[in-house]
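Topology and contacts: notes
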Amino acid sequence: MDKKTFFVLLGTLFISMLGMNIISPFLPLYARKMGASALQLGFVQAAFSVSGTTTLLFIGRLSDDYGRKSFLAGGLALLSISSAAFMFASTPLHLIVLRFFQGLGASTFLAISQAYMGDRLQSGSEGRWMGYFNAVLFAGMGSGPLVGGAITDAYSISVAFLALAAMNALGLLAILFFVRELPRKRAVREYQSFLAPLKSRIMRGVFSYRMTVGVGTATLMAFVPLFAGLRLGLTSTMIGLMLAARIPISICQSYTGRMADRWNRRLMVIWGAAITVVAVLLIPSVAGFWGLLIAYLWVTVGQALGIPAANAYVVREGRTYGMGASVTMFMMAMYAGNSIGPVVLGGIADKLGLASAFYAASLCMAAGLVLFVFLVKSGTDCTHRPEPGSI
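Residues numbered from 1 in each chain as written. Predicted model: local features only at pLDDT ≥ 70, side-chain atom pairs only at ≥ 80, totals over all residues. Heavy atoms only, no water.

We now examine the pattern of salt bridges. Enumeration over the complete set of coordinates arrives at 2 salt bridges. A salt bridge links D261 to R265; the shortest N-O distance between them is 3.3 Å. You can call D261 buried: its relative accessible area is 1%. R316 serves as the salt-bridge partner of E317, at 3.4 Å between the closest nitrogen and oxygen. Since its relative accessible area comes to 11%, E317 is described here as buried. Relative accessible area serves as the criterion here: at 18%, R316 is assigned to the buried category. (Salt bridge = Lys/Arg side-chain N within 4 Å of Asp/Glu carboxyl O. Buried < 20%, exposed > 50% of the residue type's maximum accessible area, 1.4 Å probe, protein only.)

With that out of the way, let us pick up the packing of aromatic side chains. Using the criterion set out here, one finds 5 aromatic pairs in the structure. Ring centres of F86 and F161 lie 5.1 Å apart, and the angle between their planes is 25°; on these two criteria the pair is classed as stacked. Of this pair, F86 sits in the loop between α4 (69–85) and α5 (92–120) while F161 sits in helix α7 (residues 157–178); the two residues are 75 residues apart in sequence, bridging distant segments of the chain. Here the two residues F86 and F161 agree in accessibility, since each one is buried. When the centroid spacing of 5.2 Å and the interplanar angle of 80° are considered together, the rings of F289 and W290 count as edge-to-face. Over the ring of F374 we find R201, and its NZ or CZ is 5.6 Å from the ring centre. (Phe/Tyr/Trp six-rings, centres within 6.5 Å; stacked < 30°, edge-to-face > 60°. Helix = DSSP H or I, 4+ residues; strand = E, 2+ residues; numbered from the N terminus. Lys NZ or Arg CZ within 6 Å of the ring centre and 35° of its normal.)

It is worth spelling out empty space enclosed by the protein at this point. Tallying each qualifying case throughout the model produces 5 cavities of 30 Å³ or more. Computed from the structure, the largest cavity encloses a volume of approximately 420 Å³. Taken together, 27 residues line the largest cavity, and the ones lying closest to its centre are F48, L110, M141, M334 and N338. Elements with a contribution of two residues or more to the lining of the largest cavity: α1 (3–23), α3 (38–66), α5, α6 (126–154), α8 (201–231), α13 (288–321) and α14 (323–352). Element by element, the count of residues in the lining of the largest cavity is highest for α14, at 5 residues. (1 Å grid on protein atoms, 1.4 Å probe; cavity = no way out; pocket = protein on both sides within 12 Å on 5 of 7 lines; lining within 4 Å. Points joined across faces, edges and corners; volume = space filled by probe spheres on them.)

As a further point, take helix α12 (residues 265–282). An α-helical turn contains 3.6 residues, so a residue and the one three or four places further along point in the same direction. Over its 18 residues, α12 extends 26 Å from the first C-alpha to the last, a length consistent with the 26 Å expected when each residue adds 1.5 Å. What α12 keeps buried is the set R265, R266, M268, V269, I270, G272, A273, T276, V277, A279 and V280. Residue N264 occupies the N-cap position of α12, its side-chain oxygen lying 3.0 Å from the main-chain nitrogen of R266. (Expected span 1.5 Å × (residues − 1). Polar contact = N/O pair within 3.5 Å; in protein donor to acceptor, adjacent residues only side chain to side chain.)

Next up on the list: the side chain of S82. Mapped onto the elements, S82 comes out in helix α4. Sequence-distant contacts of S82, that is, excluding residues within four places in its chain, are made with L98, F101 and Q102. (Contact = heavy atoms within 4.5 Å.)

Shown next, in the form of structure tokens:
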């Protein structure tokens with residue numbers, strides 16, 4: 001891969017994720033002011049992921065056949081338009097519909113970005129470069145709430161919506177002018193169906209892991225701001241500061257990705273998942289800003305350890321089953337968790353209280369860890385050092 005193009009792609013990813021997460025943590029509070037119940041809040045959060053879950057598999061395989069650039073540009077264009085439309089929303093239903101289209105744009109851009117990178121990576125360097133990708137991804141996600149909290153407190157959430165639209169429009173221009181189309185790489189002939197990646201036990205294992213981690217992530221995004229605002233009395237700026245504190249740990253994925261090329265990927269996923277399970281389980285028992293911050297940071301540590309290793313597995317399997325189809329299936333797993341989690345957990349929270357949502361999320365992630373251990377056996381890493389100078 002042309003390194004200039006690589007860094008343009010990562011720069012576009014950063015500003016897009018920064019923009020996306022300017023508003024995401026504050027939408028639950030915004031929806032609550034419109035009179036939304038906890039279940040409706042779950043639908044607002046889930047709508048973002050439902051669109052990706054229902055379309056990603058087709059988008060990934062189509063990008064294998066017709067190229068990546070048009071899908072990258074289309075995703076960012078849809079993000080820009082739907083984000084600007086938030087300024088005119090007046091009911092929870094409006095938020096649900098707009099989040100659906102916003103999720104379609106975001107899922108397309110994120111998945112095809114990974115497929116674009118995966119096309120050019122040499123065997124043995126998957127963890128390193130996907131680690132860079134995830135470091136930038138989570139740095140943007142972590143910076144967004146801090147910027148969004150400051151904008152919301154200083155001006156209004158409408159200004160935050162406008163900033164979100166502008167950032168994605170800037171990313172669209174960068175893709176159009178600086179990213180070139182790459183030669184297409186189709187799957188091996190016998191693995192060209194949409195569901196072909198599921199023939200791999202490894203793909204089924206990382207799918208289980210990523211889907212249940214998605215449930216945990218959705219729980220944090222949907223209910224941690226409520227817990228922080230309603231139970232602990234934190235301001236929007238303090239919530240944004242807490243969520244932004246994940247940035248230094250997230251950037252460490254550039255290192256944990258390199259670890260995944262040399263160490264045991266399976267153990268990295270197992271330990272990362274275990275840490276995340278325990279940290280989410282402890283959130284309801286914390287008191288004050290610092291307790292919530294520490295628990296939240298341990299969730300980030302678990303993700304930083306496990307996700308790059310899982311990504312490396314996916315890129316390796318994508319060389320056989322189709323890079324676009326494999327990467328988008330991995331993304332679908334995350335979106336499936338993000339779709340199911342907020343709705344189910346929102347219903348549980350309405351019946352049993354807010355703390356029960358965190359306990360249920362921990363149980364779900366523990367089940368995903370067990371499935372991963374069963375499906376991905378020892379000795380499946382096949383890692384080796386990449387050739388000097390390879391990307």
